[in-house]
Protein chains: 2
Amino acid sequence: MSSQDQEQTDGPIPTDYDIAQSTDMEPIWELVEPWGLGLDDLQYFGEYTAKVKHHAIERLREGAADKAQNLVLVTGMTPTPKGEGKTVTTVGLGQTLNHIGEEAMIAIREPSLGPVFGVKGGAAGGGRSQVLPMEDINLHFTGDLHALTSAHNLIAAMLDAKISQDDDLEIDVNNVAWPRAIDMNDRALRETVIGLGGKTGGTPREDSFLLTAASELMAVLCLAGDLEDLKTRVDRIIVAYNKQDEPVTVGDIEATGPVTMLLRDAIKPNVVQTIEGTPAFVHGGPFANIAHGTNSLIADKTAFGMGDYLVTEAGFGSDLGAEKFMDVVCRIGEMTPNAVVLVASVRALKYHGLDQWPVDYDGIAEAGVEAVEAGFDNLDKHVRNLQKFGVPVVVSINRFPDDTDAEIQAVLDHCQDDLGVRVAESNVFADGSEGGVDLAENVVSAVEDGDEDEFTMLYDDDDAITEKIQTVATEIYGADDVKYTGGALDDIERMEELGFGEYPVVMSKTFHSLSDDASKKGAPEGWELEISEVYPSAGAGFLVALTADALTMPGLPADPAAADMDIDADGNISGLF
Amino acid sequence: MSSQDQEQTDGPIPTDYDIAQSTDMEPIWELVEPWGLGLDDLQYFGEYTAKVKHHAIERLREGAADKAQNLVLVTGMTPTPKGEGKTVTTVGLGQTLNHIGEEAMIAIREPSLGPVFGVKGGAAGGGRSQVLPMEDINLHFTGDLHALTSAHNLIAAMLDAKISQDDDLEIDVNNVAWPRAIDMNDRALRETVIGLGGKTGGTPREDSFLLTAASELMAVLCLAGDLEDLKTRVDRIIVAYNKQDEPVTVGDIEATGPVTMLLRDAIKPNVVQTIEGTPAFVHGGPFANIAHGTNSLIADKTAFGMGDYLVTEAGFGSDLGAEKFMDVVCRIGEMTPNAVVLVASVRALKYHGLDQWPVDYDGIAEAGVEAVEAGFDNLDKHVRNLQKFGVPVVVSINRFPDDTDAEIQAVLDHCQDDLGVRVAESNVFADGSEGGVDLAENVVSAVEDGDEDEFTMLYDDDDAITEKIQTVATEIYGADDVKYTGGALDDIERMEELGFGEYPVVMSKTFHSLSDDASKKGAPEGWELEISEVYPSAGAGFLVALTADALTMPGLPADPAAADMDIDADGNISGLF
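Residues numbered from 1 in each chain as written. Chains lettered and ligands numbered in written order. Predicted model: local features only at pLDDT ≥ 70, side-chain atom pairs only at ≥ 80, totals over all residues. Heavy atoms only, no water.

Chain A appears in an unreviewed UniProt entry as Formate--tetrahydrofolate ligase from Halohasta litorea. Listed under Catalytic activity (unreviewed entry) in UniProt, the entry text for chain A is "(6S)-5,6,7,8-tetrahydrofolate + formate + ATP = (6R)-10-formyltetrahydrofolate + ADP + phosphate". (UniProt positions renumbered as here; feature names shortened; annotations may be inferred.)

Dropping the structure here:
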């Protein structure tokens, strides 16, 4: 959630930055000591941020057997473009679980630098539920994104060197599957021609840049079990096809060693603290459309050895992030979620009830209880979807300052009376853990009442690829059927030939709607999902099914947020949040 | 110097990596404590690397008044492509000065990541004269290069957003002066076309990428006095010209604030230790052809407050790095060098004596004293050039394992008898400070005998631009005259109109020869220097005069060093050095 929204509607609430600056942080080594991390377990980045060293990761993972390993996933209904507060809820819930006597860790994604300059709003929670030091986390942090960018572009440079200087691999320049990467919103790099200027400039070809968070390397980093597994996954990434249409991998171009070397530190989880002193892993941040959209598995596994609860978050609405968490991340990581928190907001419900596109936020603020109720379709579909996985669901209504009591009550009543699902109002943004007690108690009761054996993924490894796609499309998105266009069916046949038939499928779809049409609100019915392309992320270990062009390189708006940012002679930053 | 060379010729000498691994490093806070830096003065990156915080920089700079501030510059004769050991000599001399009872700090450039993958050889010294932790320094280090890359590309993205979305500045797309940057040797990005793909991709235009070290931002970072000065310099960088041919600056596109913010930590000098425990600043690394080629002024100024000696290094031969250090860096930084160490090697002397191109290293190894003597022309010219600045010169013969005693003696005799200049054999690579005593004692005596008032730059601020160029060309390079081609004279007129007439001039010339022709060895005479273009680095505060196309983006060779690099499951790196 962009904290800016909540501020603007209620003047005197201090900004995230003010709250952060007025918080006394503990040195990170003191903070994590009671959680089982000693001085020598940490690699420091200043006083308040550290990476966990490999030996400590191993020790904590082994120690997880003695802990409860309660895994709580935070997801959301179909959000407005401004977001409904999943990170705030994740951080707030983690804080509150500790507040009520449980031992809870938090794991969230780390922000990408590029988008910081495009549209306002940090990605570290907000208000009294944020992770600190926020300005570091939102800027270079521990350099993970930079390491990924370097590693990604080393592959690209070595690939082009192969093509132009020593092509014993017979690479097809019209079938290169590895773009370049940059952690900057830069639309001019979406489509480019490279290798110009004659022989010394290499071989001319079409190329593109994607945001580093959209690189397969980011997905690989977040799914790798350890350094050795990382290397194995890097090695098998497909970067191009040769003239016989066979895959050319990172291993084939001899880049596996140096690429893994560049990620030596990036694979270690970063630990920081929330505003209330709860330790939080902030590590990895893959896209939730062309990748799985959750923080690193290594962070999750390490956290299991530190507390009894782990609260983590999945990107976009539950149709995207949560489905992928259940079907892809839990499959690869062999994890079982014990509860799901579905974040709803009065604003999002009205957004679906009013069915406007583009959104008129003023109109939303003014609409009343009726508009809220008109949006229940969307919430209901998300609840029913999540229940299909056999995991207890708790709806969390993230209260914004201009929500009325009547609006909140309408949602509470609907969840309790019509859906029979656990529900709580959450005020963790304004009040921190004081505002999350009802939510946390509901989560504890859900976990205690749940049965891990009931957790079920939507499809099996050996289901046909088309069957996997069909299942997600109809069960989760509410489509009547799936239609394959372009070469999608050929792609699928090819994936099976290449031995990727058992991979789970990551669906790339708009997050603005449960359907594949961003303008359709609520719970659209009577439509077909169109699949235009299927390609492998062989390193990550999943297939990607595109429903449309996936935007992997955002642009800067005409008036970018960057233009309002500044730093004074003493190093004080303004305009970042 | 690439340490690889010295190893290969003498089998059982341990590798740089082995030596580094077998060294017990001290925690950096303990190491620098006697040098005036306390626990709270440092921002830690692991146990052995730290940045110095702003308040400590200020304190040390003020304290410099109580120190001797003896500035020793290490430069070299025209090198072979493998380098003759300037960094080894710099580190070894710093160590030895401490060994003989002086208090000496070291300041060198930080390596660029890109070249690490192209050609073998670290950039952190070698043997028993290296800085540690070498693998960190050669990889991501403290993220300075990454911060510069991000800041550079934020300017580019904001510039293209202006061009395509909101061009009240009327930018001429055919006169953009700000390429993109990447810290990777990637020849395919030398010449590109960007902005393709229709309206959402921005405005199509030609573009190029340069190595981050070649970005004007790197030069700006290294010449900035403090954060405020950095911001002032960033603001005035010229990124394009408008349709009326007037400069468009970083300030004009509103990028000053966020760019400076991204460099908030990068401007703080990084302190590490040498293998013998001498503190060393490793900070900033601008090119020595299109920029000034020395580490940051902030590091130098801070070091003045920590010891009585500062040993620092300039890129390439003395015609490039040392001339720029005297005429540009000392001018902007208001510093006076107290001695210059000119690094020579038997190999380089033979290289000039044999006058081969390309170099036959086997032939060099086999050639004897006569070939050495045939190369004295080059050494002599460098000595005479340096004497023109009024600073005492010490020739340091960096001994390689296959140099014979007769060869070394021939150089010693020549320097003493023919040139009358201080000279010492240096064995700091093999023996650390035990091998540098003669050199260090010569340096101390040179400093003590020298007179700061005799230091003189080659030209004055208010000399005409053509006069400045003429002076360097004839006095340093040994050219008969200067010839202006293309639009160079128009460029100069334009620079004067824009008010840049008083800037010093950075000459961009090949480092393989004293002349502008890489194949001409020795001390070429009877030639004219051709200047093809002059452009401003308005942020850095100098003009660049190109004698040919400056290579700002190296490529990977057919068999890149990266292909031999690896990391094992425990994180041990191989092939990096």
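Chemist: Residue-level account of the confidence of the model for chain A, with values.
Modeler: Low-pLDDT stretches of the model should not have their predicted coordinates read in fine detail. Residue and element names in this part refer to chain A. The share of residues in chain A with pLDDT of 70 or more is 97%, and the mean pLDDT across the chain is 93. Contacts from residues 1-11, a stretch scored under 50 in pLDDT, to residues over four places away or in other chains number 32 contacts. Both confidence scores are given for the complex: pTM 0.95, ipTM 0.95. (pLDDT = per-residue confidence, 0-100. Contact = heavy atoms within 4.5 Å.)

Chemist: Would you mind going over the relation of the copies chain A and chain B in detail, with residue names and values included?
Modeler: One copy of the chain maps onto the other through a rotation about an axis plus a displacement along that axis. Structural alignment of chain A on chain B gives an RMSD of 0.0 Å, achieved by rotating through 180° and translating 0.0 Å along the axis. What we have between these two chains is a two-fold relation. Most of the interface of chain A is mirrored in chain B, where 100% of its interface residues again form contacts. (Least-squares fit on C-alpha atoms with pLDDT ≥ 70 in both.)

Chemist: Got a sec to walk through the interface of chain A and chain B? Specific residues and values, please.
Modeler: The interface of chain A with chain B comprises 67 residues on the first partner and 67 residues on the second. Of the roughly 5,600 Å² buried between chain A and chain B, counting both surfaces, carbon and sulfur atoms make up 65%. Taken as a group, A:Met261, A:Arg264 and A:Ile567 account for 12% of the area that chain A buries against chain B, more than any other trio of residues on that side. Summed over the shared surface of chain A and chain B, the result is 6 salt bridges. Among the salt bridges present, the one from A:Asp186 reaches B:Arg180, with a minimum N-O distance of 2.8 Å. One can count 25 residue pairs in polar contact (both at pLDDT 80 or more) joining chain A with chain B. Of all the secondary structure elements, the ones that give two or more residues to the side of chain A that touches chain B are β1 (42-44), α7 (134-138), α8 (144-165), β8 (180-182), β9 (192-194), α10 (227-236), α11 (256-262) and β25 (566-567) of chain A. Among the elements that line the side of chain A that touches chain B, the one with the most residues is α8(A), at 11 residues. Classifying every residue of the side of chain A that touches chain B gives 33 nonpolar, 18 polar and 16 charged. (Buried area = accessible area lost by both parts, 1.4 Å probe. Salt bridge = Lys/Arg side-chain N within 4 Å of Asp/Glu carboxyl O. Polar contact = N/O pair within 3.5 Å; in protein donor to acceptor, adjacent residues only side chain to side chain. Helix = DSSP H or I, 4+ residues; strand = E, 2+ residues; numbered from the N terminus. Nonpolar A, V, L, I, M, F, W, Y, C, P; charged D, E, K, R; others polar.)

Chemist: Go over empty space enclosed by the protein, please, and point to the residues and values.
Modeler: A full pass over the atoms with the stated rule returns 6 cavities of 30 Å³ or more. Estimates place the volume of the largest cavity at around 220 Å³. Lining the largest cavity are 18 residues; nearest its centre among them are A:Thr149, A:Asn153, A:Ile182, B:Thr149 and B:Asn153. Elements with a contribution of two residues or more to the lining of the largest cavity: α8 and β8 of chain A together with α8 (144-165) and β8 (180-182) of chain B. (1 Å grid on protein atoms, 1.4 Å probe; cavity = no way out; pocket = protein on both sides within 12 Å on 5 of 7 lines; lining within 4 Å. Points joined across faces, edges and corners; volume = space filled by probe spheres on them.)

Chemist: Can you explain the sheet that holds strand β13 (residues 247-249) of chain A? Please cite residues and give values.
Modeler: Residues and elements named next belong to chain A. Pairing is antiparallel across the open sheet formed by 3 strands, whose spatial order is β7-β12-β13. At either end of the open sheet lies a strand with only one pairing partner, and these are β7 (171-176) and β13. Strand-to-strand, the axes of this sheet are offset by a mean angle of 50°, without reference to chain direction. Judged from the 3 bridges that link them, strand β12 (residues 238-242) and β13 form a sheet pairing that is antiparallel. Note that in β13 the partner of Ala240 across the bridge is Val248. (Pairing = 2+ DSSP bridges. Axes fitted to C-alpha atoms, helices over the stretch in contact; angles between N-to-C directions.)

Chemist: Tell me about the pairing of strand β19 (residues 422-426) of chain B, and name the residues and values.
Modeler: Within a regular strand, side chains alternate between the sheet's two faces. Residue and element names in this part refer to chain B. Both strand β18 (residues 393-398) and β19 contribute to a ladder of 5 bridges, which runs parallel. For Val395, the partnering residue across the bridge sits in β19 and is Val423. Since β18 and β19 lie parallel, the crossover through helix α18 (residues 405-419) that links them has a hand, and here it is right-handed. (Right-handed = clockwise from strand over helix to strand, strands pointing away.)

Chemist: Pulling in residues and values, what's your account of the packing of aromatic side chains?
Modeler: Between two aromatic rings, the relevant description is the distance of the centres plus the angle of the planes. The full count for this structure, using the stated rule, is 8 aromatic pairs over all chains. Ring centres 5.5 Å apart and planes at 90° place the aromatic pair A:Trp29 and A:Tyr44 in the edge-to-face group. Within this pair, whereas A:Trp29 is found in helix α3 (residues 28-32), its partner A:Tyr44 is found in strand β1, the two being separated by 15 residues in sequence. Ring centres of A:Phe209 and B:Phe209 lie 5.6 Å apart, and the angle between their planes is 0°; this geometry places the pair in the stacked category. Residue A:Phe209 is found in strand β11 (residues 209-211), and its partner B:Phe209 is found in strand β11 (residues 209-211); the two belong to separate chains. Of the residues examined, A:Phe209 reaches a relative accessible area of 4% and is grouped as buried. In this structure, A:Lys82 is placed above the aromatic ring of A:Tyr361, and the distance from its NZ or CZ to the ring centre is 4.3 Å. (Phe/Tyr/Trp six-rings, centres within 6.5 Å; stacked < 30°, edge-to-face > 60°. Buried < 20%, exposed > 50% of the residue type's maximum accessible area, 1.4 Å probe, protein only. Lys NZ or Arg CZ within 6 Å of the ring centre and 35° of its normal.)

Chemist: How would you sum up the sheet that holds strand β21 (residues 505-508) of chain A? Please name residues and give values.
Modeler: All names here are of chain A. With mixed pairing, 3 strands are arranged side by side in an open sheet as β21-β24-β23. The open sheet has two free edges, formed respectively by β21 and β23 (533-537), since each of these has just one partner strand. The mean angle between the axes of side-by-side strands here comes to 25°, regardless of whether they run parallel or antiparallel. Bridge count for β21 against strand β24 (residues 542-546) is 4 bridges, and the pairing is parallel. Of the residues in β24, the one forming a bridge with Ser508 is Leu546.

Chemist: Go over a negative patch on the surface with me, naming the residues and quoting the values.
Modeler: Together, A:Glu58, A:Glu62, A:Asp226, A:Glu228, B:Asp568 and B:Asp570 make up a region of like negative charge exposed at the surface. Along the chain, B:Asp570 turns up in the loop between β25 (566-567) and β26 (573-574). (Patch = residues over 30% accessible without salt bridge, like charges linked within 9 Å, V, L, I, M, F, W, Y side chains within 5 Å. Areas by Shrake-Rupley, 256 points an atom, 1.4 Å probe, with all protein chains shown as cover. Lys, Arg positive; Asp, Glu negative; His and termini not counted. Charge placed at Lys NZ, Arg CZ, Asp CG, Glu CD.)

Chemist: Requested: an account of unusual backbone geometry, with residues and values cited.
Modeler: Residue and element names in this part refer to chain A. The linkage connecting Leu132 with the following residue, Pro133, adopts the cis geometry, with an omega of -5°. Mapped onto the secondary structure, Pro133 falls in the loop between β6 (129-132) and α7. Its identity as a non-glycine residue notwithstanding, Gln69 has a phi of 55°, on the positive side. For Glu334, which is not glycine, the phi dihedral falls at a positive 50°. On the basis of relative accessibility, which here comes to 71%, the residue Glu334 falls in the exposed class.

Chemist: Residue-level account of the side chain of B:Thr149, with values.
Modeler: Residue and element names in this part refer to chain B. Turning to its location among the elements, Thr149 is positioned in helix α8. Overall, the relative accessible area of 13% leaves Thr149 in the buried class. In terms of polar contacts, Thr149 uses its side chain to reach the side chain of Thr212, at 2.8 Å. Aside from chain neighbours lying at most four places away, what touches Thr149 is Ala181, Ile182, Asp183 and Thr212.

Chemist: I'd like to hear about the environment of A:Thr552, residue by residue, with values.
Modeler: You can see A:Thr552 is positioned in the loop between β24 and β25. In this structure, the C-alpha to C-alpha distance between A:Thr552 and A:Ser215, residues 337 residues apart in sequence, is 8.8 Å.

Chemist: Explain the state of the cysteines residue by residue, including any values.
Modeler: On inspection of all chains with the given rule, the structure shows 0 disulfides over all chains. Its sulfur unpaired, A:Cys222 is 14 Å from the next cysteine sulfur, which belongs to A:Cys330. (Disulfide = S-S within 2.5 Å.)

Chemist: Which residues make up the domain arrangement of chain A, and what values go with them?
Modeler: All names here are of chain A. We note that the domain assignment places domain 1 (13-140 + 266-451), domain 2 (144-260) and domain 3 (466-546) within chain A. In this structure, domain 1 and domain 3 have C-alpha centres spaced 27 Å apart. Buried area between domain 1 and domain 3, summed over both chains or domains, comes out near 2,200 Å², and the portion from carbon and sulfur atoms is 67%. Contact with domain 3 buries area across many residues of domain 1, yet Ile290, Asp319 and Trp357 alone supply 22% of it, more than any other trio. Across the domain 1-domain 3 interface, the total number found is 2 salt bridges. Measuring nitrogen to oxygen at the nearest pair gives 2.9 Å for the salt bridge that ties Lys509 to Asp319. Linking domain 1 to domain 3 there are 8 residue pairs in polar contact (both at pLDDT 80 or more). Where the side of domain 1 that touches domain 3 is concerned, the elements lending two or more residues are α13 (318-333), α14 (346-354) and α17 (376-387). Among the elements that take part in the side of domain 1 that touches domain 3, α13 stands out by supplying 8 residues, more than any other. Tallied by class, residues from the side of domain 1 that touches domain 3 come to 11 nonpolar, 8 polar and 9 charged. (Domains from an automatic or database assignment.)

Chemist: Any details on the environment of B:Gly390? Residues and values, ideally.
Modeler: Residue and element names in this part refer to chain B. Mapped onto the secondary structure, Gly390 falls in the loop between α17 (376-387) and β18. Taking C-alpha positions, Gly390 is 8.7 Å from Met457, a pair spaced 67 residues apart along the chain. When residues no more than four places from it in sequence are discounted, the contact partners of Gly390 are Asp451, Glu454, Phe455 and Thr456.

Chemist: Give me the lowdown on the pattern of salt bridges, citing residues and values where you can.
Modeler: Enumeration according to the criterion identifies 54 salt bridges over all chains in this entry. When the shortest N-O distance is used, the salt bridge between A:Glu103 and A:Lys67 registers 4.0 Å. Of this pair, A:Glu103 sits in the loop between α5 (86-99) and β4 (104-108) while A:Lys67 sits in the loop between α4 (54-63) and β3 (70-76); the two residues are 36 residues apart in sequence, bridging distant segments of the chain. Here A:Glu103 falls in the partly exposed class, since its relative accessible area comes to 39%. Classification of A:Lys67 by relative accessible area gives partly exposed; the value is 26%. Measuring nitrogen to oxygen at the nearest pair gives 2.9 Å for the salt bridge that ties B:Asp566 to A:Lys231. Here the residue B:Asp566 occupies a position in strand β25, and A:Lys231 occupies one in helix α10, the pair thus bridging two chains. Three or more residues are tied together by salt bridges with common partners; here these are A:Asp160, A:Arg180, A:Arg205, A:Asp207 and B:Asp186.

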